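So the chains spell out like this:
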Amino acid sequence: MTIRNDAINAFEAHVSSGKVAFFKRFGMDFVMGARQGPWLHDLDDSKTLFNLHSNGGVFNLGHRHPVLVNVLKESLDRLDIGNHHLISAERAALARDLAALAPGDLDYAIFASGGGEAVDLAIKVARAHTGRSVIISARGGYHGHTGLAMATGDAKYRQPFGPQPAGFTQVPFDDLPALEAVLDDTVAAVILETVPATLGMVQAGNAYFPMVRRLCDRAGALLILDEVQTGLGRTGRFWGFEHFDLLPDMVVIGKGLSGGLYPISATLLRRPLEAVFHADPFIHISTFGGAELGCPVARKVLELSARPEFLSHVRELAQRFRDGVETLQERYTPFLRGLRQLGLMMGLELQDDLCGPILSKCAYDNDLLMVYANNAPAVCQCLPPLIMTFEEIPWVMERLDRALAAAADFREALG
Ligand SMILES: Cc1ncc(COP(=O)(O)O)c(C=O)c1O
């Protein structure tokens, strides 16, 4: 038996039989082996994929960025997880760096391991600070599969799992009248992704976020922005919300903060909100949240991602993707209907809901890793690593061209 087959069999027997069945059915039973930069190799090197998904931003800086790998190695020489009860120089330094990069008085950072956990904490803070319970989120949005984060999401992700926490309301994204209708003095917070990825990379109108901010202020509710995917340079600005004129009360980041190497996430709070923990600073703890080994890696991620030349590289890549997709659109209308884009936060808008899954498969067959938007399958997400080079663009476009040709043919054959 090959190592590859052994891995698949063990995964099937001990991790997820359903996932193995799914990937085998669609001929996508790729097993991650070597990885570097934007590239992933199958365990037996039989296939190589260019990562156009980046795990939603985990691999913003590519796989195994050499500088980050070295920082982690150096951290291993002197640190471990640390102690989540004690004062930590590593967490303090990372929190200070985050505060320096964040606008306004977003001065405090509370660390967690994953995005969902950080969203849970944001909701707890909002409720404790306001003394209110209702949390409003966007229908089709996604903030994670942990307790309170899952409660913000669509029913299909919650239903099998029994009783759900009370006090959650959904409204359509980018719909101010719908928000206004439910935003009363029972609302603790509105939580939104700056660009809802799972909803198909929907781009809000320019007035939306500033108006949401105003409506929240009027109702005395807090505004939480989930920048787990849009933060850290993905949109061509360091924070996604910098594209709009507003200051959120809390910002959640995760994924890319890890450098793809050490799990870490954070909830940034405006200074007055930290008072929630004055009475009992131990009322919220997380054993692995802000584990010290990950802090130097995260600090290096911030340093690399905030450089003006890095952000202008992202914006130039985004322009080249737009140009490339426009050319492809001429060729593949009506299959390819357009590009939803904020920097490199991109979604290919396709003919109908069958097309996202079809294009994901055809992209895979052409060595591109792309994932359709689960709550809007007519959109295929496109999140290349931000470190990809201009020289790689023609190759990616040529493969996307082939994938679109195959996918459009397949869709047509379905009638
Ligand atoms: C916007 C957003 N928020 C939160 C999460 C949850 O993050 P995690 O899977 O690390 O819990 C995700 C994960 O995909 C996400 O895309």
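None of the values given here were measured: they were computed from a predicted structure. (Residues numbered from 1 in each chain as written. Predicted model: local features only at pLDDT ≥ 70, side-chain atom pairs only at ≥ 80, totals over all residues. Heavy atoms only, no water.)

What about the environment of L179?
- Along the polypeptide, L179 turns up in helix α7 (residues 176-182).
- On the basis of relative accessible area, L179 is assigned to the buried category, the value being 1%.
- Between the alpha carbons of L179 and L101 there is a distance of 30 Å; along the sequence they are 78 residues apart.
- Apart from the residues lying within four places of it in its own chain, the contact partners of L179 are I136, V171, V190, V212 and L215. (Helix = DSSP H or I, 4+ residues; strand = E, 2+ residues; numbered from the N terminus. Buried < 20%, exposed > 50% of the residue type's maximum accessible area, 1.4 Å probe, protein only. Contact = heavy atoms within 4.5 Å.)

Focus on the sheet that holds strand β7 (residues 187-193)
- The sheet built from seven strands is open, its strands ordered β4-β10-β9-β8-β7-β5-β6 with mixed pairing. Both edges of this open sheet fall to β4 (108-112) and β6 (168-171), since each of them pairs with a single strand only. Sheet twist, expressed as the average angle between the axes of neighbouring strands with direction ignored, equals 20°.
- The sheet contact formed by strand β5 (residues 134-138) and β6 spans four bridges and is parallel. Across the sheet, residue I135 finds its bridge partner in β6, namely F168.
- Helix α4 (residues 89-101) contacts β4, β9 (250-253) and β10 (265-269) of the sheet and is inclined by roughly 125° relative to β4.
- Against the sheet, helix α8 (residues 208-219) touches β7 and β8 (222-226), its axis set at about 170° to β7. (Pairing = 2+ DSSP bridges. Axes fitted to C-alpha atoms, helices over the stretch in contact; angles between N-to-C directions.)

Some remarks on the site of the ligand
- In the vicinity of the ligand, the contacting residues are G114, G115, G116, Y142, H143, G144, E193, D226, V228, Q229 and K255.
- D226 is positioned with one of its side-chain polar atoms (N or O) 2.6 Å from a nitrogen atom of the ligand.
- In the environment of the ligand, an oxygen atom lies 2.8 Å from a nitrogen or oxygen atom belonging to the side chain of Q229.
- With the chains in place, 80% of the 390 Å² that the ligand exposes on its own is no longer accessible. (Near = heavy atom within 4 Å. Polar contact = N/O pair within 3.5 Å; in protein donor to acceptor, adjacent residues only side chain to side chain. Areas by Shrake-Rupley, 256 points an atom, 1.4 Å probe, with all protein chains shown as cover.)

As for the sheet that holds strand β11 (residues 336-342)
- Across the sheet, which stays open at both edges, the four strands sit in the order β11-β12-β15-β14 with antiparallel pairing between neighbours. Every other strand in the sheet has two partners, leaving β11 and β14 (371-373) as the edge strands with one partner each. The average undirected angle you get between the axes of adjacent strands in this sheet is 35°.
- Pairing between β14 and strand β15 (residues 376-382): three bridges, direction antiparallel. Its bridge partner being in β15, Y372 is matched across the sheet by C380.
- Against the sheet, helix α10 (residues 308-332) makes contact with β11, β12 (345-350) and β15, and its axis sits at roughly 170° relative to β11, the strand it touches most.

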